[in-house]
Amino acid sequence: MALEHAILVSLSERSGSGYELARRFEKSIGLFWSASHQQIYRVLKRMEEAGQVAVDVVVQDGRPDKKVYTVAEPGRIELRRWLAEPAPQAGPQELAVKLRGASFGDAKAVAEEIVRHRDAHAERLDLYRQIEKRDFPAPDRLRGRSLHQYLVLRGGIRVEEGQVEWLEEILTALRADKADERD
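It should be emphasised that the depicted structure is a prediction, and the values quoted were computed from it without experimental measurement. (Residues numbered from 1 in each chain as written. Predicted model: local features only at pLDDT ≥ 70, side-chain atom pairs only at ≥ 80, totals over all residues. Heavy atoms only, no water.)

**Structural notes on the overall build of the chain**
Next, step 1: When helices and strands are counted, the chain shows seven helices and three strands.
Next, step 2: Scaling as 2.2 N^0.38, a compact globule of 183 residues should have a C-alpha radius of gyration of about 16 Å, whereas the chain reaches 21 Å, well beyond that.
Next, step 3: In terms of overall dimensions, the chain has C-alpha extents of about 70 × 45 × 25 Å along its principal axes.
Next, step 4: The buried share of the chain, taken over its 183 residues, is 36%.
Next, step 5: Looking at the chain alone, contacts between residues at least 24 apart form 57% of all its contacts between residues at least 6 apart.
Next, step 6: Just so you have it, the chain exposes about 11,200 Å², and 51% of that area is on carbon and sulfur atoms.
Next, step 7: With 30 positive and 31 negative side-chain charges, the chain shows a spacing of 4 Å between the two charge centroids. (Helix = DSSP H or I, 4+ residues; strand = E, 2+ residues; numbered from the N terminus. Rg over C-alpha atoms; globule rule 2.2 N^0.38 Å. Buried < 20%, exposed > 50% of the residue type's maximum accessible area, 1.4 Å probe, protein only. Contact = heavy atoms within 4.5 Å. Areas by Shrake-Rupley, 256 points an atom, 1.4 Å probe, with all protein chains shown as cover. Lys, Arg positive; Asp, Glu negative; His and termini not counted. Charge placed at Lys NZ, Arg CZ, Asp CG, Glu CD.)

Take a look at the structure:
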(Lines give C-alpha, C1' and ligand atoms only; values in the text may rest on other atoms or scores of the structure.)
Protein backbone atom coordinates (compact mmCIF):
# COMPACT_ATOMS: atom_id res chain seq x y z
CA MET A 1 0.00 0.00 0.00
CA ALA A 2 1.18 3.45 -0.80
CA LEU A 3 0.82 6.44 1.48
CA GLU A 4 -1.42 7.85 -1.26
CA HIS A 5 -4.13 5.35 -0.33
CA ALA A 6 -4.07 6.28 3.35
CA ILE A 7 -4.25 9.96 2.37
CA LEU A 8 -7.16 9.29 0.00
CA VAL A 9 -9.05 7.54 2.80
CA SER A 10 -8.37 10.38 5.24
CA LEU A 11 -9.31 13.10 2.74
CA SER A 12 -12.44 11.16 1.77
CA GLU A 13 -13.48 11.29 5.40
CA ARG A 14 -12.79 15.02 5.63
CA SER A 15 -10.91 17.48 3.45
CA GLY A 16 -8.16 19.50 5.05
CA SER A 17 -4.83 21.24 4.78
CA GLY A 18 -1.54 19.38 4.77
CA TYR A 19 -1.04 20.43 8.38
CA GLU A 20 -4.51 19.18 9.37
CA LEU A 21 -3.91 15.94 7.53
CA ALA A 22 -0.58 15.43 9.30
CA ARG A 23 -2.26 16.08 12.67
CA ARG A 24 -5.03 13.64 11.77
CA PHE A 25 -2.42 11.01 10.95
CA GLU A 26 -0.83 11.52 14.35
CA LYS A 27 -4.15 11.01 16.13
CA SER A 28 -5.92 8.34 14.10
CA ILE A 29 -4.58 6.75 10.92
CA GLY A 30 -1.07 7.21 12.28
CA LEU A 31 -1.85 4.69 15.00
CA PHE A 32 -1.49 2.02 12.33
CA TRP A 33 0.13 3.87 9.41
CA SER A 34 2.84 6.38 10.19
CA ALA A 35 4.09 9.15 7.95
CA SER A 36 6.14 12.24 8.67
CA HIS A 37 4.86 15.71 7.85
CA GLN A 38 7.45 15.93 5.07
CA GLN A 39 6.26 12.65 3.52
CA ILE A 40 2.65 13.79 3.61
CA TYR A 41 3.46 17.12 1.94
CA ARG A 42 5.59 15.42 -0.76
CA VAL A 43 2.85 12.90 -1.51
CA LEU A 44 0.12 15.58 -1.54
CA LYS A 45 2.16 17.53 -4.12
CA ARG A 46 2.55 14.40 -6.27
CA MET A 47 -1.17 13.62 -5.91
CA GLU A 48 -2.07 17.19 -6.87
CA GLU A 49 0.13 16.94 -9.98
CA ALA A 50 -1.56 13.63 -10.87
CA GLY A 51 -5.01 15.19 -10.44
CA GLN A 52 -6.00 12.87 -7.58
CA VAL A 53 -6.57 15.77 -5.19
CA ALA A 54 -7.88 19.26 -5.78
CA VAL A 55 -6.62 22.27 -3.86
CA ASP A 56 -8.56 25.31 -2.70
CA VAL A 57 -6.45 28.19 -1.48
CA VAL A 58 -7.92 29.95 1.53
CA VAL A 59 -6.60 33.46 2.11
CA GLN A 60 -5.82 34.14 5.78
CA ASP A 61 -5.14 37.45 7.49
CA GLY A 62 -1.70 37.74 9.03
CA ARG A 63 -0.81 34.14 8.12
CA PRO A 64 0.26 32.33 4.96
CA ASP A 65 -2.54 31.19 2.68
CA LYS A 66 -3.90 27.76 3.53
CA LYS A 67 -4.23 24.99 0.94
CA VAL A 68 -7.25 22.77 1.57
CA TYR A 69 -7.14 19.40 -0.18
CA THR A 70 -10.14 17.38 -1.36
CA VAL A 71 -10.29 14.13 -3.28
CA ALA A 72 -10.81 14.69 -7.02
CA GLU A 73 -12.51 12.18 -9.31
CA PRO A 74 -9.22 10.47 -10.37
CA GLY A 75 -8.46 10.03 -6.66
CA ARG A 76 -11.89 8.51 -6.02
CA ILE A 77 -11.35 6.13 -8.94
CA GLU A 78 -7.92 5.12 -7.61
CA LEU A 79 -9.29 4.60 -4.11
CA ARG A 80 -12.13 2.38 -5.39
CA ARG A 81 -9.64 0.40 -7.52
CA TRP A 82 -7.31 -0.14 -4.57
CA LEU A 83 -10.11 -1.07 -2.17
CA ALA A 84 -11.38 -3.75 -4.58
CA GLU A 85 -7.91 -5.12 -5.36
CA PRO A 86 -6.99 -8.34 -3.53
CA ALA A 87 -3.92 -7.92 -1.36
CA PRO A 88 -2.76 -11.37 -0.26
CA GLN A 89 0.45 -10.00 1.30
CA ALA A 90 -1.26 -7.14 3.14
CA GLY A 91 -0.36 -6.72 6.76
CA PRO A 92 -2.67 -5.53 9.52
CA GLN A 93 -1.90 -1.88 8.73
CA GLU A 94 -3.02 -2.13 5.12
CA LEU A 95 -6.13 -4.08 6.10
CA ALA A 96 -6.94 -1.42 8.69
CA VAL A 97 -6.70 1.34 6.07
CA LYS A 98 -8.81 -0.70 3.62
CA LEU A 99 -11.41 -1.31 6.30
CA ARG A 100 -11.45 2.36 7.25
CA GLY A 101 -12.01 3.26 3.59
CA ALA A 102 -14.52 0.50 2.80
CA SER A 103 -17.48 2.87 2.65
CA PHE A 104 -15.77 4.82 -0.16
CA GLY A 105 -15.53 1.80 -2.45
CA ASP A 106 -16.65 -1.79 -2.68
CA ALA A 107 -17.29 -2.73 0.95
CA LYS A 108 -18.13 -6.29 -0.13
CA ALA A 109 -14.69 -6.68 -1.74
CA VAL A 110 -13.06 -5.42 1.46
CA ALA A 111 -15.07 -7.94 3.50
CA GLU A 112 -13.98 -10.71 1.12
CA GLU A 113 -10.38 -9.61 1.65
CA ILE A 114 -10.89 -9.84 5.41
CA VAL A 115 -12.25 -13.39 5.00
CA ARG A 116 -9.20 -14.40 2.91
CA HIS A 117 -6.84 -13.04 5.53
CA ARG A 118 -8.75 -14.64 8.40
CA ASP A 119 -8.57 -18.01 6.61
CA ALA A 120 -4.84 -17.63 5.89
CA HIS A 121 -4.10 -16.74 9.52
CA ALA A 122 -6.27 -19.64 10.74
CA GLU A 123 -4.31 -22.05 8.50
CA ARG A 124 -1.00 -20.72 9.81
CA LEU A 125 -2.29 -20.99 13.38
CA ASP A 126 -3.28 -24.62 12.80
CA LEU A 127 0.18 -25.36 11.39
CA TYR A 128 1.91 -23.73 14.36
CA ARG A 129 -0.25 -25.70 16.79
CA GLN A 130 0.59 -28.95 14.97
CA ILE A 131 4.29 -28.13 15.23
CA GLU A 132 3.85 -27.34 18.92
CA LYS A 133 2.13 -30.65 19.56
CA ARG A 134 4.63 -32.64 17.50
CA ASP A 135 7.90 -31.00 18.55
CA PHE A 136 7.19 -29.74 22.07
CA PRO A 137 4.89 -32.24 23.84
CA ALA A 138 6.30 -31.38 27.28
CA PRO A 139 7.04 -27.63 27.26
CA ASP A 140 7.54 -27.46 31.04
CA ARG A 141 10.67 -29.66 30.66
CA LEU A 142 12.35 -27.61 27.93
CA ARG A 143 15.73 -25.99 28.50
CA GLY A 144 18.24 -24.04 26.44
CA ARG A 145 17.88 -24.05 22.67
CA SER A 146 14.66 -26.12 22.72
CA LEU A 147 13.06 -23.69 25.16
CA HIS A 148 14.08 -20.74 22.98
CA GLN A 149 12.64 -22.39 19.87
CA TYR A 150 9.43 -23.15 21.72
CA LEU A 151 9.10 -19.57 22.96
CA VAL A 152 9.47 -18.24 19.41
CA LEU A 153 6.79 -20.67 18.24
CA ARG A 154 4.53 -19.54 21.09
CA GLY A 155 5.02 -15.96 19.93
CA GLY A 156 3.90 -16.96 16.44
CA ILE A 157 0.87 -18.75 17.88
CA ARG A 158 -0.11 -15.70 19.92
CA VAL A 159 0.24 -13.39 16.89
CA GLU A 160 -1.91 -15.66 14.73
CA GLU A 161 -4.51 -16.07 17.49
CA GLY A 162 -4.72 -12.30 17.76
CA GLN A 163 -5.08 -11.86 14.01
CA VAL A 164 -7.80 -14.51 13.71
CA GLU A 165 -9.67 -13.01 16.67
CA TRP A 166 -9.46 -9.47 15.28
CA LEU A 167 -10.53 -10.52 11.77
CA GLU A 168 -13.45 -12.51 13.21
CA GLU A 169 -14.46 -9.46 15.23
CA ILE A 170 -14.45 -7.39 12.04
CA LEU A 171 -16.54 -9.93 10.14
CA THR A 172 -19.07 -10.19 12.97
CA ALA A 173 -19.41 -6.40 13.08
CA LEU A 174 -19.74 -6.17 9.28
CA ARG A 175 -22.46 -8.85 9.27
CA ALA A 176 -24.36 -6.99 12.01
CA ASP A 177 -23.99 -3.70 10.12
CA LYS A 178 -25.28 -5.31 6.94
CA ALA A 179 -28.25 -6.82 8.84
CA ASP A 180 -29.04 -3.37 10.29
CA GLU A 181 -29.04 -1.90 6.78
CA ARG A 182 -31.66 -4.44 5.68
CA ASP A 183 -33.97 -3.61 8.60
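The discussion continues.
**Here's the deal with the sheet that holds strand 3 (residues 66-71)**
Next, step 1: An order of 1-3-2 is seen for the three strands of this open sheet, with the pairing classed as antiparallel. Edge positions in the sheet fall to strand 1 (16-17) and strand 2 (53-58), since each has one partner strand and no second.
Next, step 2: Of the pairings in the sheet, the one linking strand 2 to strand 3 comprises six bridges and is antiparallel in character. Across the sheet, Val 57 pairs through a bridge with Lys 67, a residue of strand 3. (Pairing = 2+ DSSP bridges.)

**What to know about the UniProt feature "domain: Transcription regulator PadR C-terminal" (unreviewed entry) in the chain**
Next, step 1: Within this structure's numbering, the places UniProt gives as "domain: Transcription regulator PadR C-terminal" (unreviewed entry) are residues 94-175.
Next, step 2: In the segment residues 94-175, helix accounts for 84% and strand for 0%; the C-alpha atoms at its two ends are 21 Å apart. (UniProt positions renumbered as here; feature names shortened; annotations may be inferred.)

**A closer look at the packing of aromatic side chains**
Next, step 1: On inspection of all chains with the given rule, the structure shows one aromatic pair.
Next, step 2: Here the guanidinium or amino end of Lys 98 rests over the ring plane of Trp 82, the centre of that ring lying 5.1 Å away. (Phe/Tyr/Trp six-rings, centres within 6.5 Å; stacked < 30°, edge-to-face > 60°. Lys NZ or Arg CZ within 6 Å of the ring centre and 35° of its normal.)

**Quick look at the domain arrangement of the chain**
Next, step 1: For the chain, the assigned domains read domain 1 (1-87) and domain 2 (106-181).
Next, step 2: The gap between the C-alpha centroids of domain 1 and domain 2 is 33 Å.
Next, step 3: Taken residue by residue, the interface counts four residues in domain 1 and five residues in domain 2.
Next, step 4: Between domain 1 and domain 2, the buried area comes to about 370 Å², and carbon and sulfur atoms account for 53% of it.
Next, step 5: Remark: the boundary between domain 1 and domain 2 carries two residue pairs in polar contact (both at pLDDT 80 or more).
Next, step 6: Taken together, the residues that form the side of domain 1 that touches domain 2 break down as four nonpolar, no polar and no charged. (Domains from an automatic or database assignment. Buried area = accessible area lost by both parts, 1.4 Å probe. Polar contact = N/O pair within 3.5 Å; in protein donor to acceptor, adjacent residues only side chain to side chain. Nonpolar A, V, L, I, M, F, W, Y, C, P; charged D, E, K, R; others polar.)

**Brief notes about the nonpolar core**
Next, step 1: Within the largest apolar cluster, 22 residues are counted, with the highest numbers of intra-cluster contacts made by Ile 7, Leu 11, Leu 21, Phe 25, Ile 40 and Leu 44.
Next, step 2: Of all the elements in the fold, those that place two or more residues in this core are helix 1 (3-13), helix 2 (18-27), helix 3 (37-49), strand 3 and helix 4 (73-84).
Next, step 3: Ranked by the residues each element gives to this core, the list is headed by helix 1, at six residues.
Next, step 4: What Leu 11 contacts, discounting residues up to four positions off in sequence, is Gly 16, Leu 21, Arg 24, Leu 44, Val 53, Tyr 69 and Val 71. (Core = buried A, V, L, I, M, F, W, Y, C linked by side-chain atoms within 4.5 Å.)

**As for the pattern of salt bridges**
Next, step 1: As enumerated under the stated definition, the model contains 16 salt bridges in all.
Next, step 2: Here Glu 161 and Arg 129 are joined by a salt bridge, their closest N and O atoms 2.8 Å apart. Here Glu 161 is found in helix 7 (residues 144-182), whereas its partner Arg 129 is found in helix 6 (residues 107-135), with 32 residues between them in sequence.
Next, step 3: Residue Glu 161 is classed as partly exposed on the basis of its relative accessible area, which comes to 26%.
Next, step 4: Ionic pairing is found between Arg 134 and Asp 135, a salt bridge with its closest N-O pair at 2.6 Å.
Next, step 5: One salt-bridge network, in which partners are shared between bridges, spans Glu 73, Arg 76 and Arg 80. (Salt bridge = Lys/Arg side-chain N within 4 Å of Asp/Glu carboxyl O.)

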